[in-house]
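An overview of the molecular structure
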Amino acid sequence: MKMRRNKMLQIKLSVEHDEHILSAWMRYNLRSGFAHMPFDNCLNYWGLPKQHLKAQRVAGQSLETIVNQVSIREYSKLTIMLEHTNARLWSLSSEEPIQLAELSNTISRPNLENAGLSFSTNWKLCPKCILEDKKVLGFSYWRRSHQLPSIAHCQAHQEPLFSQIDLLQMKQLALPEKYLNSASQSVVNESQLIDWSLFVAHIDNMLKAGSIELETLRQKILDHLKIKPIAKFKDRSKYQDLSNEMFSDIGKSITSHLFTLQKGKYQNVIWQLLSGKDNRSSLINPVYWLVVMYWLRNELRI
């Protein structure tokens, strides 16, 4: 007979600083006797679909089901998502303050795992963080900041993050210490990406502190690029020129880390982001905003 937990009962999770909610969930289940059972048994107990856990997914049945069955301190469900998943960065793509329902309804899988984006979505780890956590806590955990989209370095140590192929599809209850001796650097040209990684972490911290006024930021970008909120299709080539200028300025390493070539060229990011002609019903991946902000970081003073 398969066990199912009473979903009416809220499980109190112990969550560490900067810990991803799925990491806290895995630790709870490891302590609860699922360590030596098939992963599907654990999923069934929580009423979850039989699917792997993804580090960068901020919407979906698995994550929503878990968040709805747990409590963390006095946090609301939205606060759990903002503090312990990547949801905070997605506020860059939302014209209004992000809501919990919006995470479910407007962040769809096609945009989260866009074919035009090239960076790894594997779970990532920092060897130094693991050793430090083991020394202080006696265990390691998956840090939220290591799973930010496109990030390649640990903010604390400014060293490359590690991963491996098995960490694209997490199909077991496992903490990062398990992969300490088998993982390798998640990117090849890591030294050329450190500024990018630290910038992404910086913007995430600014969003947490509430020190970015998104509407003002967007208007500053439009004003600097001398483009209107709603473009005409005949202006598409102008937006492509701006995108090409951006790619040239930020360099090949960052560009190729973020985007894939499509028919021999990179996509028209400025058009997709700022033309007002994007009819998608879901939020665009925040990396589109991040790359423009990185390009204009001096002008925007961020």
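This text follows the structure it describes.
Here is a short report on the structure shown in this document. (Residues numbered from 1 in each chain as written. Predicted model: local features only at pLDDT ≥ 70, side-chain atom pairs only at ≥ 80, totals over all residues. Heavy atoms only, no water.)

Focus: the overall build of the protein
- A tally of regular secondary structure across the protein gives 15 helices and four strands.
- A separation threshold of at least 6 residues defines the contact pool for the protein, and within that pool the share at least 24 residues apart is 72%.
- Summed over its atoms, the accessible surface of the protein is roughly 14,900 Å², and 50% of this surface lies on carbon and sulfur atoms. (Helix = DSSP H or I, 4+ residues; strand = E, 2+ residues; numbered from the N terminus. Contact = heavy atoms within 4.5 Å. Areas by Shrake-Rupley, 256 points an atom, 1.4 Å probe, with all protein chains shown as cover.)

Digging into the environment of Lys-252
- Here Lys-252 is to be found in helix 12 (residues 252-258).
- A relative accessible area of 70% places Lys-252 in the exposed class.
- With 60 residues separating them in the primary sequence, Lys-252 and Gln-192 have C-alpha atoms 9.7 Å apart. (Buried < 20%, exposed > 50% of the residue type's maximum accessible area, 1.4 Å probe, protein only.)

Brief notes about the packing of helix 11 (residues 236-250) against helix 14 (residues 287-295)
- Remark: helix 11 packs on helix 14, axes separated minimally by 10 Å, with the N-to-C direction vectors making an angle of 65 degrees. In terms of orientation, helix 11 lies roughly perpendicular with respect to helix 14. When you trace helix 11 past helix 14, the crossing you get is left-handed. Every residue of helix 14 that contacts helix 11 at Leu-242, Glu-245, Met-246, Asp-249 and Ile-250 is listed here: Val-291, Val-292, Tyr-294 and Trp-295. (Axes fitted to C-alpha atoms, helices over the stretch in contact; angles between N-to-C directions. Parallel < 35°, antiparallel > 145°, perpendicular 65-115°, else oblique. Left-handed = near helix turned anticlockwise from the far one by under 90°.)

Points about the packing of aromatic side chains
- Enumeration according to the criterion identifies 13 aromatic pairs in this entry.
- Judged by centre distance (5.4 Å) and plane angle (75 degrees), the rings of Trp-196 and Tyr-294 are edge-to-face. Within this pair, whereas Trp-196 is found in helix 9 (residues 194-209), its partner Tyr-294 is found in helix 14, the two being separated by 98 residues in sequence. The burial state of Trp-196 is the same as that of Tyr-294; both residues are buried.
- With centroids separated by 5.7 Å and ring planes inclined at 65 degrees, the aromatic side chains of Phe-259 and Tyr-288 adopt a geometry described as edge-to-face. With Phe-259 in the loop between helix 12 and helix 13 (269-274) and Tyr-288 in helix 14, this pair connects stretches of sequence that are 29 residues apart. (Phe/Tyr/Trp six-rings, centres within 6.5 Å; stacked < 30°, edge-to-face > 60°.)

Let's talk about helix 1 (residues 21-34)
- In terms of residue burial, helix 1 counts as a mostly covered element, since ten of its 14 residues are buried.
- Taken together, the buried positions of helix 1 are Ile-21, Leu-22, Ser-23, Ala-24, Trp-25, Met-26, Arg-27, Tyr-28, Asn-29 and Phe-34.
- Residues of helix 1 that are buried make contact with strand 1 (11-12), helix 2 (39-45), helix 3 (61-69), strand 2 (70-71) and helix 4 (77-84).

A closer look at unusual backbone geometry
- Phi at Arg-73 takes a positive value of approximately 50 degrees, unusual for a residue other than glycine.
- For Arg-73, a relative accessible area of 54% gives the class exposed.
- Despite not being glycine, Lys-226 shows a phi value in the positive range, around 60 degrees.

Considerations on the nonpolar core
- Grouped together as the largest cluster of nonpolar side chains are 54 residues, with contacts concentrated most on Ile-203, Ile-221, Phe-259 and Ile-270.
- When contributions to this core are tallied by element, the ones reaching two or more residues are helix 9, helix 10 (214-225), helix 11, helix 12, helix 13 and helix 14.
- The element contributing the most residues to this core is helix 14, with nine residues.
- Aside from chain neighbours lying at most four places away, what touches Ile-221 is Leu-274, Trp-289, Val-292, Met-293, Leu-296 and Leu-300.
- Core analysis: the next-biggest nonpolar cluster, separate from the first, contains 38 residues, Leu-13, Leu-22, Ile-66 and Ala-183 among them. (Core = buried A, V, L, I, M, F, W, Y, C linked by side-chain atoms within 4.5 Å.)

Some points on the pattern of salt bridges
- Tallying each qualifying case throughout the model produces eight salt bridges.
- Residue Asp-204 pairs with Arg-88 through a salt bridge whose shortest N-O separation is 3.0 Å. One end of the pair, Asp-204, is in helix 9; the other, Arg-88, is in helix 5 (residues 87-90), and 116 residues separate them in sequence. Across this residue pair, the class does not change: Asp-204 and Arg-88 are buried.
- Lys-128 is the salt-bridge partner of Glu-159, the closest N and O atoms lying 2.8 Å from each other. With a gap of 31 residues between them, Glu-159 in the loop between helix 8 (127-137) and strand 3 (162-163) and Lys-128 in helix 8 connect regions that are remote in the sequence.
- Among the residues examined, Glu-159 registers a relative accessible area of 31% and is labelled partly exposed.
- Salt bridges sharing common partners tie together Glu-83, Arg-88, Arg-144, Asp-204 and Lys-208. (Salt bridge = Lys/Arg side-chain N within 4 Å of Asp/Glu carboxyl O.)

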